[in-house]
2 protein chains.
Amino acid sequence: MSTSRRRKHSYHHGDLPATLLRAAGKILEEEGVDALSLRELTRRAGVSHAAPYRHFPDRESLLAALAAEGFALLGEAQREAAAAAGLRGMGETYVGFALAHPQRFRLMFGGTVRIARHKALREVATRAFDGLAGALAARSPEAQGARDASIAAWALVHGLAQLLLEGRVAQAARAGRSEARFVSDVLATIRFAAGAPARAAAAVDQSA
Amino acid sequence: MSTSRRRKHSYHHGDLPATLLRAAGKILEEEGVDALSLRELTRRAGVSHAAPYRHFPDRESLLAALAAEGFALLGEAQREAAAAAGLRGMGETYVGFALAHPQRFRLMFGGTVRIARHKALREVATRAFDGLAGALAARSPEAQGARDASIAAWALVHGLAQLLLEGRVAQAARAGRSEARFVSDVLATIRFAAGAPARAAAAVDQSA
DNA sequence: CCTCAATGTTGACAACGTCTACATGACTGT
DNA sequence: ACAGTCATGTAGACGTTGTCAACATTGAGG
């Protein structure tokens, strides 16, 4: 199971950053950000407690790398969904990602990591979204309304993801429907005003 | 400035829980949840470091009380907005609350506090929302669509609040508009499908 | 007035993030 | 082949934190 990355009996590890991130990802999903300690990581990686500081200036920077992975994954999933399933599919994919990786999603948007302070993270996060919602609006730069609508669409799926994640949506509201079905139904209650949605959806479909 | 709650030269404090929560609220807004330590609270309250344990079983429980305050405030603001400004006004109020109390909002929805484990919190949170979005749908229980639409509306404003809070909306998208104006414009791009919205809005207007 | 339960204190413990000084050994230029 | 450099890992320390157990104080009720 554990692909022992540690070179036998060697002082140097080989690829500590990746090993740390793998272990961190596991702990993150299992126990959440707050339970993720650097020292536990070093124990699992079989190195000394100060070793991570050769690769990450502090704990938050390691969390930033973890969040960056998440943004890359989500961005990729969104691009695929855009090509295959259009706007509605993108929304369902977004919510699906959040529910499949709840702790990762929380880390990405929870404010624990000050995104602005971590350049690589900032860039991948921007690329994943403003590179999507933004590119979407860039096709009709004259229409501020289209850009606003794309933000509204993003807010809708993001908010639904978060509410479901935190268990704020009463079980009764589900009315026995499957998770995917429920998400689809809720999103289906929304229309966009004034042509903005059609144009946005079209832009997305072309962007593949 | 500081309404010295400490009775002069007295062993007992008088109202430590409230004093702790006041200090905690201040630190929370200024520095965020992660920077809020029990020991710093005790220093500010002028009591010993273990005193809080007479009133809160652990740190998370104190955070839960803090979150409960937030839900009560938000719920109250929503009720007022519902009476005065209808559905759109409720949305703007929701986002306004989040932007006015960003750290409090994060605490309420950030997952640091496991809401289900804190009875009082769970109840006030449920009352503030399921007691709103829920009551809204209860008026037309035959229409599952109306309930779905109310969840979508909640998700929309919640997501917009969170995205703005975390700075995920590019400055360029604001296009120079004021915050309130921007929020209003974004929300205005949304329509509800098939009669669900009208009924929902009507129910809200009556619920005052 | 006496007692007792509620409240606050003291001191301890383990865990953590982070710093500094030191050890190791892989790689590079000769 | 070899010496030296520098990235990488280690050892140990420090201050902070959450939490617990044992003890102290005192306001309120019989």
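For every chain, the first residue of the written sequence is number 1, and numbering continues from 1 onward in sequence order. Each chain gets a letter, beginning with A, and each ligand a number, beginning with 1, in the order they are written. Where local features are concerned, this predicted model is filtered to residues with pLDDT of at least 70; where side-chain atom pairs are given and counted, the filter is 80 or more; whole-chain, interface and lining totals use all residues. Derived side-chain values reflect all non-hydrogen atoms in the structure, with water molecules and hydrogen atoms excluded from consideration.

**A few points about empty space enclosed by the protein**
Empty space among the atoms can be located by rolling a probe the size of a water molecule over them. Put plainly, a pocket is an open set of points on a 1 Å grid over the protein atoms alone with protein on both sides within 12 Å along at least five of seven lines, a cavity is a set where a 1.4 Å probe fits but cannot get out, and a lining residue has an atom within 4 Å of a point. Grid points are joined across faces, edges and corners, and a volume is the space filled by probe spheres set on the points. This model, assessed by the stated rule, comprises one cavity of 30 Å³ or more. The volume enclosed by the largest cavity comes to roughly 100 Å³. Considering the residues around the largest cavity, the lining is formed by 14 residues, among which Phe 109, Gly 110 and Gln 162 of chain A together with Gly 110 and Gln 162 of chain B are closest to the centre. Broken down by secondary-structure element, the contributors of at least two residues to the lining of the largest cavity are helix H4 (102–109) and helix H7 (144–165) of chain A together with helix H4 (102–109) and helix H7 (144–165) of chain B. When the residues that make up the lining of the largest cavity are grouped by side-chain class, the tally is six nonpolar, four polar and four charged. The numbering of helices and of strands both runs from the N terminus, where a helix is a DSSP run of H or I of at least 4 residues and a strand a run of E of at least 2. Under the grouping applied here, Gly and all other residues not named as nonpolar or charged are polar, the nonpolar ones being Ala, Val, Leu, Ile, Met, Phe, Trp, Tyr, Cys and Pro and the charged ones Asp, Glu, Lys and Arg.

**A few points about the interface of chain A and chain B**
Contacts: residue pairs with any heavy atoms within 4.5 Å of one another. If you look at the interface, chain A gives 42 residues, while chain B gives 42 residues. For the pair chain A and chain B, the two sides together bury roughly 3600 Å², of which 61% comes from carbon and sulfur. The term salt bridge refers to a side-chain nitrogen of Lys or Arg lying within 4 Å of a carboxyl oxygen of Asp or Glu. Counting the contacts that link chain A with chain B gives two salt bridges. Where Asp 148 of chain A meets Arg 177 of chain B, a salt bridge forms, and the shortest distance between an N and an O atom there is 2.6 Å. In short, buried area is how much 1.4 Å probe accessible area vanishes from two parts on joining, totalled over both.

**Comments concerning the packing of H7 of chain A against helix H9 (residues 179–188) of chain B**
For the pair H7 of chain A and H9 of chain B, interaxial distance at closest approach is 8 Å and the crossing angle is 80°. By the angle between their axes, H7 of chain A is roughly perpendicular relative to H9 of chain B. Two secondary-structure elements touch here, H7 of chain A through Gln 144, Asp 148, Ile 151 and Ala 152 of chain A and H9 of chain B through Phe 182, Asp 185 and Val 186 of chain B. Tallied by class, the residues present in the contact of H7 of chain A with H9 of chain B amount to four nonpolar, one polar and two charged. To define axes, lines are fitted to C-alpha atoms, for helices over the stretch in contact only, and angles between the resulting N-to-C directions are given on a 0 to 180 degree scale. Should an angle lie under 35 degrees it is considered roughly parallel, over 145 roughly antiparallel, and from 65 to 115 roughly perpendicular; all remaining angles are considered oblique.

**Section: helix H1 (residues 16–31) of chain A**
Residues and elements named next belong to chain A. For H1, built from 16 residues, the straight-helix expectation of 22 Å at 1.5 Å per residue is met to within 8% by its first-to-last C-alpha distance of 22 Å. Type-normalised accessible area, obtained with a 1.4 Å probe on protein chains alone, sets the label of each residue: buried when under 20%, exposed when over 50%, and partly exposed for intermediate values. For H1, every residue scored as buried is listed here: Leu 16, Thr 19, Leu 20, Leu 21, Ala 23, Ala 24, Gly 25, Ile 27 and Leu 28. Those residues of H1 that are buried lie in contact with helix H2 (38–45), helix H3 (59–100) and H4. A helix's residues, less one, multiplied by 1.5 Å, set its expected span.

**Let's talk about the protein's contact with DNA strand D**
One heavy atom within 4 Å of a molecule or strand makes the whole residue count as near it. In the vicinity of DNA strand D, 25 residues are found, and the nearest of them are Ser 48, His 49 and His 55 of chain A together with Arg 39 and Arg 43 of chain B. Backbone atoms, meaning sugar and phosphate, form 51% of the atoms of DNA strand D found within 4 Å of the protein. Each polar contact in these results corresponds to two N or O atoms within 3.5 Å; when the atoms are within protein, one needs to be able to donate a hydrogen and the other to accept it, and residues that are neighboring in sequence are counted only if both atoms are side-chain atoms. Between DNA strand D and His 49 of chain A there is a distance of 2.7 Å, counted from a base oxygen to a side-chain nitrogen or oxygen. Leu 38 of chain B places a polar main-chain atom, nitrogen or oxygen, 3.0 Å from a phosphate oxygen of DNA strand D.

**Topic: the relation of the copies chain A and chain B**
Least squares is the method for superposing the copies, and the C-alpha atoms it fits come from residues with pLDDT of at least 70 in both. Superposition record for chain A on chain B: RMSD 0.0 Å, screw rotation 180°, translation along axis 0.0 Å. Expressed as a symmetry operation, the mapping of one chain copy onto the other fits a two-fold axis. When the interface residues of chain A are mapped onto chain B, 100% of them again lie at the interface, so the same face is used by both copies.

**Thoughts on the domain arrangement of chain A**
Residue and element names in this part refer to chain A. The domain boundaries here were taken from an automatic or database domain assignment. The domain boundaries assigned to chain A delineate domain 1 (3–54) and domain 2 (59–201). At the junction of the two partners, domain 1 supplies twelve residues and domain 2 supplies eleven residues. When the area that domain 1 buries against domain 2 is broken down by residue, the three leading residues are Leu 21, Glu 29 and Val 33, summing to 48%. Among the elements of the structure, H1 and H2 are those that each provide at least two residues to the side of domain 1 that touches domain 2. Looking at which element gives the most residues to the side of domain 1 that touches domain 2, the answer is H1, with six residues. Grouping the constituent residues of the side of domain 1 that touches domain 2 by class yields eight nonpolar, three polar and one charged.

**Observations regarding the protein's contact with DNA strand C**
Around DNA strand C sit 25 residues, and of these Arg 39 and Arg 43 of chain A together with Ser 48, His 49 and His 55 of chain B come closest. Contact between DNA strand C and Arg 54 of chain A: a base nitrogen at 3.3 Å from a side-chain N or O atom of the residue. Between DNA strand C and His 55 of chain B, the relevant distance is 2.5 Å, taken from a phosphate oxygen to a side-chain nitrogen or oxygen of the residue. Counting residues per element, the surface near DNA strand C draws most heavily on H2 of chain A, at three residues. Residues that form the surface near DNA strand C fall into these classes: nine nonpolar, eight polar and eight charged.

**A short note on the side chain of Arg 177 of chain B**
Positionally, Arg 177 of chain B belongs in the loop between helix H8 (171–174) and H9. In terms of polar contacts, Arg 177 of chain B uses its side chain to reach the backbone carbonyl oxygen of Arg 174 of chain B, at 3.0 Å. Among the polar contacts made by the side chain of Arg 177 of chain B, one reaches the side chain of Asp 185 of chain B at a distance of 2.9 Å. Not counting residues within four places of it along the chain, the set of residues in contact with Arg 177 of chain B comprises Gln 144 and Asp 148 of chain A together with Phe 182 and Asp 185 of chain B.

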